[in-house]
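# Examination of the molecular architecture
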Amino acid sequence: MSADTAFRVAEALRVDGPWEVFGERSRRYEIHFNGRSIEMVRGPISLEGYSLGLFRQRDGGAGVGFQASTDLSGPGIVETVADAESLCRYSSFPAKSISLPETTSTSAEDVEVLDPHLWDRPMETLQAYVHALLEPFDGLKDVLPSFGSVRATLAETTIANSTGLQVGYPQSVVEVEVAVKAVGGPEGPGPGEYWVNDNVRRLEPSSLGPKVEEWCQYARDVRKAAATPTGNLPVVLPSSVLSGILPPVIGSRFTGRGRLRETAPAIGEKRGCDALTIWDDGRIPWAVPSSPVDDEGTPHGRRKLLSQGQVSELMYDVLYAGAFDLRSTGNAARGIVFGFRDWRRFLYSPAGTSTTLVIEPGTDGTDTELIEAAGDGIWLQQLGWAIPDPLSGAFGGEIRIGYRIRHGKLAEPVRGGTVGGVVMAAPGNPSLLANIGAIGSMPSLSEGIFAPALLVKPLTVAGS
Amino acid sequence: MTDVREHEAEFVRALARLGPHTQFADLLAESTIGRGIRLDRRSVSPSLEPRLRGAVLRAWGGGRWVEAATSALDAASIGRAADAVEQALVKAGAGPELPGVSATTRQEWTELPARPMRDMTTEEMISLGQDAKAWATAVPGIRDCQVGIVWSDEERFYLNTAGARCYQLLCRVRAGVTPIAIENGRVEFDAISEGSLGGRERLRFLTQENVTEVARSASKLLHAGGPPTGEMTVLLDPSNTGTFAHESFGHGTEADQFTRDRSYLKPILGSMVGPETVTIVDNGAYSEGWGTVHFDDEGHPGQRTPLVDHGRFVGALHDRETAAASHVAATGNSRRSDFLSRLFVRMTNTYVEPGNWTFDELVREAKQGILLERATSGIEDPLGGQMQLKTKKGRKIEHGELTDVVTSMALSGKVLDFLKSIRGVSHQSDFRIDPGYCGKGQTDLLPVGSGGTYLLAKAVVGPA
């Protein structure tokens, strides 16, 4: 790997430790389409920058200063140091110690996070992907691509710190947005849309055919969807829906930050049903939060957060680990804003959060068997925006498309109304984690989660 | 950081280079300075705006836009961006005519507020934050309180080959207080925040009275029940009215959704969509709004654009292309999140104009229903016309009077049904515009204002 952003800055630093430098050199390429027409081509959008973190231990805690810059010149680095030092003076954080990660043997090849085709021929690969994405619509009369974009970021990440750590790895992330529209019949219902927003590490044009077919069916079903019923109903949540609900709450409250704010659950406390075991795993191949090391250079690993419903471990970044005289668990991430990932990660200071939450598969079988177990309820395919509140744990949103479950079988599509509840409640109180009635046996990867479908009995559904 | 206009010669040279290859090219340069503090019971975290600035070059070629951006403003970096665009133009070849009218605005807006935030020291910001935290934590049940104060001075400098040359300095300030109540494992909070263009005078709302009131409200939520569920009369507070105006209605009026044939509103332009008491506007020229712009990122002046005028849907928001497609003038709504992001049609300050009712009259008129307070989020559904608003708390309305406090909830329904169900809008004295960040899909966040007064209508409510 040729990138050395953080190493160059580190070499030029004339400052006492502890310090850390997170550097990134990125190229970004984008294709935007409107219907089947290419609307805009962008790239390369070139960006190289770094974030400097300074830690100043003093009585009762530490001063902490982060500053980001794109100026890698000598005078530019001096200015950045001055900024960070000035922030340290005013900052106070109750860290008993600051233990930065030390030299690591982790290499870039340890975790699969780089699409080599995309890296070598970005625009050609994006063009081929867009072609493969639009091709399945040829010949379809009732469904068409409405609009979309693919935006690839190719980044060379480097991290250095005052303990001598120097680590780096290349990675690719692609934001895929596609809206699929079902239409037809002058007197029929209005058009129906299925809107996909996904982040992936690699592009697999060959797998697009079945996916597009599925999206088209959801768009058709939106057109004929009935009103959602009202009541406390069994609801089946697939991993694509869970990915919008669980990571924001668990990734906030099962952390050192949660512990310091007294919002984290206590170790050993019962917060989920007996069958529920949840891991945090930063090394799942091709998962977007995966990488050899976290954003402070600590190797990513696998930790059990919830064991048979009981809280087992919490997640820490360097700073919040220091508040408890612990070491980081490799859970520092940069650039997560309102639950979304900003590709310009160096602009942000690190914060403790989950990587990929892994829910251990249960023994309750396939999706079909979960539906049978639900009896009379709803399969939730897509929510408007669950956006849980990490503090209270409340979540909920509008049902964009779901399916009624009647007599243990999928029935008519439903749309509208809301579904909601609380992800995690005080021990003994109802919540999503406590009310899981069945855990499927077939996990799938969605951003931030690798999980089977869960049957929750019940959730509150407010139909129209 | 220096004034971006110091690099004007390089910008002009780059545009001149592209001239022979294109019918039109433009350049936007951007630089921002700013400072902030966040504090809670255990820590104080000051921050500085990253040292990031740059420029994006855009040109029309082959029937589409091509762009390249750079995060350095020296002649060599600007030259490389121009190289990339030039190569793309040569590859694209000739194509259809450039759509729309090129801006020719030549003006500078450089005025600082009377009491600029850049003159407020970090110590003063921390002191104000500590006061707010102390007021909040003095309320029984409040265990912690997060306070944030942040300001930014953003320069945007726009040039194009049609002769436009405009520069604006936008000074934004925002502050918020979030008292957190914790009891027996249950966590609740409430929040107040304000933000706008302006200076130090915008922090006047951080008074002991206001902070104490919101802290008491957070404490009460610990013992509040869940909201009622189902379709009912809803009274939206100004923050929820604004979120409705922006998310539910405004996104459907962004005319790129018209050209994509992705707006449920497009076929009903010119129709009555609500009672005559309802007027909804987008106003980039609103004095000191959080989303105010003197000119947009195509050089068109910010302006007041009526969307619904006394119940009739009369207009949409346009960039040069959508304006050309609709045979109207651009409305000053073409915005980039920053120089690294593409242009989209975006809102500025979107609000429901005040009506004639008093708040008490609306509560009496509601008879039975729910008051929704403190909007937290919303999401658009431009094609389907469904709505989702989420709010932190509410109060039941029983027999025309406010009764029990209830916890967070989501509001759903069809936007057009909601508009038709509006029975009253309260008067000017309740009017406010709240600061927020809007994404186009899941990316490209930028500052927008949304607002209104109290609004009485009917919708589906459920927990969230």
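Everything quoted here is computed from the prediction, not taken from an experiment.

To continue, consider the sheet that holds strand 16 (residues 349–352) of chain B. All names here are of chain B. Spatially, 13-12-11-16-23-22 is the arrangement adopted by the 6 strands of the open sheet, whose pairing is mixed. With one partner strand each, in any of the chains shown, strand 13 (312–313) and strand 22 (432–440) form the two edges of the open sheet. Bridging between strand 12 (residues 304–309) and strand 13 involves 2 bridges; their strand directions are antiparallel. When the sheet's bridge partners are listed, valine 308 is paired in strand 13 with phenylalanine 313. Across the sheet, helix 5 (residues 238–249) is in contact with strand 11 (280–283), strand 12, strand 13, strand 16, strand 22 and strand 23 (443–452); its angle to strand 23 comes to roughly 130°.

The next subject is the interface of chain A and chain B. Every contact between the two is made by 77 residues of chain A and, on the other side, 78 residues of chain B. Regarding the contact of chain A and chain B, the summed buried area is about 6,300 Å², with carbon and sulfur atoms giving 53% of it. Linking chain A with chain B are 13 salt bridges, by the criterion used here. As a salt-bridge pair, arginine 41 of chain B and glutamate 262 of chain A come within 2.5 Å of each other at their nearest N and O atoms. Scanning the region where chain A abuts chain B turns up 31 residue pairs in polar contact (both at pLDDT 80 or more). Here the side of chain A that touches chain B gets 11 residues from one element, more than from any other, and that element is strand 2 (residues 37–58) of chain A. Here 4 bridges tie strand 2 of chain A to strand 4 (residues 64–70) of chain B, and the two strands are oriented parallel to one another. Paired with valine 41 of chain A across the two strands is valine 66 of chain B, which belongs to strand 4 of chain B.

Before going further, it helps to spend a moment on the sheet that holds strand 10 (residues 302–307) of chain A. Residue and element names in this part refer to chain A. The 6 strands lie next to each other as 11-10-9-16-23-22, forming an open sheet whose pairing is mixed. Pairing within the sheet leaves two strands with one partner each, and these edge strands are strand 11 (310–311) and strand 22 (444–446). Direction of pairing for strand 9 (residues 278–281) relative to strand 10: antiparallel, over a ladder of 4 bridges. What sits directly across from isoleucine 278, in strand 10, is leucine 306. Along the sheet, helix 7 (residues 246–253) contacts strand 9, strand 10, strand 16 (356–359) and strand 23 (449–451); its crossing angle with strand 16, the most-contacted strand, is approximately 105°.

Rules of the game
Residues numbered from 1 in each chain as written. Chains lettered and ligands numbered in written order. Predicted model: local features only at pLDDT ≥ 70, side-chain atom pairs only at ≥ 80, totals over all residues. Heavy atoms only, no water. Pairing = 2+ DSSP bridges. Helix = DSSP H or I, 4+ residues; strand = E, 2+ residues; numbered from the N terminus. Contact = heavy atoms within 4.5 Å. Axes fitted to C-alpha atoms, helices over the stretch in contact; angles between N-to-C directions. Buried area = accessible area lost by both parts, 1.4 Å probe. Salt bridge = Lys/Arg side-chain N within 4 Å of Asp/Glu carboxyl O. Polar contact = N/O pair within 3.5 Å; in protein donor to acceptor, adjacent residues only side chain to side chain.

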